[in-house]
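One letter stands for each residue in the lines below.
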Amino acid sequence: MSVVQVDVKVDDKPMDTISQQFRELDRLSSDLGDMWQSGFATDAIISIDLDQYHVHRFILGARSPVFKAMFGSSMMVESKTGLVVVEDVSAETMKMLLN
């Protein structure tokens, strides 16, 4: 019986390196989610009806071109106040988006 060893690589990186990178990204995602859930260092509020969500401008701007433009422009009132009043999305939909 002969043994065949196969080295699997993705973009010339060994699979154990790729697996480690996925674990690190998963941990980062979990850490960011924990920060949002705990309210740590939030710097803006999204207000929908009677619900308010304390959020991080940096994360929203990185994930959404709308929020990036809103928080990145000194001409936008939301950039100055950190308060975003949403009238055309349900609170449940916003919560799903933020999660």
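Bear in mind that the values here come from a model prediction, so they are computed numbers and not experimental data.

Basis of the calculations
Residues numbered from 1 in each chain as written. Predicted model: local features only at pLDDT ≥ 70, side-chain atom pairs only at ≥ 80, totals over all residues. Heavy atoms only, no water. Helix = DSSP H or I, 4+ residues; strand = E, 2+ residues; numbered from the N terminus. Buried < 20%, exposed > 50% of the residue type's maximum accessible area, 1.4 Å probe, protein only. Contact = heavy atoms within 4.5 Å. Areas by Shrake-Rupley, 256 points an atom, 1.4 Å probe, with all protein chains shown as cover. Phe/Tyr/Trp six-rings, centres within 6.5 Å; stacked < 30°, edge-to-face > 60°. Patch = residues over 30% accessible without salt bridge, like charges linked within 9 Å, V, L, I, M, F, W, Y side chains within 5 Å. Salt bridge = Lys/Arg side-chain N within 4 Å of Asp/Glu carboxyl O. Core = buried A, V, L, I, M, F, W, Y, C linked by side-chain atoms within 4.5 Å. Pairing = 2+ DSSP bridges. Axes fitted to C-alpha atoms, helices over the stretch in contact; angles between N-to-C directions.

Asker: Looking at this structure, how should I read the overall build of the chain?
Answerer: For the chain, the count of helices and strands is 5 helices and 5 strands. Element order for the chain, N to C, with α for helix and β for strand: β-β-α-β-β-α-α-α-β-α. In the chain, which comprises 99 residues, the share counted as buried stands at 23%. The long-range share in the chain, meaning contacts at least 24 apart out of those at least 6 apart in sequence, stands at 39%. Carbon and sulfur atoms make up 56% of the accessible area of the chain, which totals about 8,000 Å².

Asker: Where do I start with the packing of aromatic side chains in this structure?
Answerer: The way to describe two aromatic rings as a pair is by their centre distance and the angle between their planes. Taken as a whole and assessed by the stated rule, the structure comprises 1 aromatic pair. Note on phenylalanine 67 and phenylalanine 71: the rings are 6.0 Å apart at their centroids and 15° apart in plane angle, and the pair reads as stacked. Here the residue phenylalanine 67 and the residue phenylalanine 71 both occupy positions in helix 3 (residues 65-72), the gap between them amounting to 4 residues, near one helical turn. According to the relative accessible area criterion, phenylalanine 67 is buried, its value standing at 9%.

Asker: When you look at the side chain of serine 47 in this model, what are you seeing that I'm missing?
Answerer: Relative to the assigned elements, serine 47 resides in strand 3 (residues 44-48). Owing to a relative accessible area of 12%, serine 47 belongs among the buried residues under this scheme. Setting aside residues up to four positions removed in sequence, serine 47 forms contacts with Gln52, Leu83, Val84, Val85 and Val86.

Asker: Help me understand a nonpolar patch on the surface, please; the structure alone is not making it clear to me.
Answerer: A surface patch of nonpolar side chains, about 640 Å² in accessible area, is lined by Phe22, Leu25, Leu28, Leu32, Phe58 and Ile59. Those elements giving two or more residues to the nonpolar patch turn out to be helix 1 (15-38) and helix 2 (57-63). Sort the elements by how many residues they give to the nonpolar patch and helix 1 lands first, with 4 residues. Here leucine 25 lies in helix 1.

Asker: Please explain the nonpolar core as it appears in this structure.
Answerer: The nonpolar side chains of a soluble globular protein tend to be buried with one another. In terms of nonpolar packing, the biggest core is built from 15 residues, with Ile46, Tyr53, Val55 and Leu98 touching the most fellow members. Of all the secondary-structure elements, those providing two or more residues to this core are strand 3, strand 4 (51-55), helix 3 and helix 5 (91-98). Leave out the neighbours within four places in its chain, and leucine 98 touches Trp36, Ile46, Tyr53, Val55 and Leu60.

Asker: Looking at this structure, how should I read the sheet that holds strand 3?
Answerer: Across a sheet, strands are paired by hydrogen bonds formed along the backbone, either parallel or antiparallel in direction. Strand order in the open sheet formed by 3 strands is 4-3-5, with mixed pairing between adjacent strands. Edge positions in the sheet fall to strand 4 and strand 5 (83-85), since each of these pairs with one other strand and no more. Averaged over all pairs of adjacent strands, the angle between strand axes in this sheet comes to 20°, irrespective of strand direction. Across 5 bridges, strand 3 lies against strand 4 in antiparallel orientation. What sits directly across from serine 47, in strand 4, is glutamine 52. This element, helix 5, spans strand 3 and strand 4 of the sheet and lies at about 15° to strand 4.

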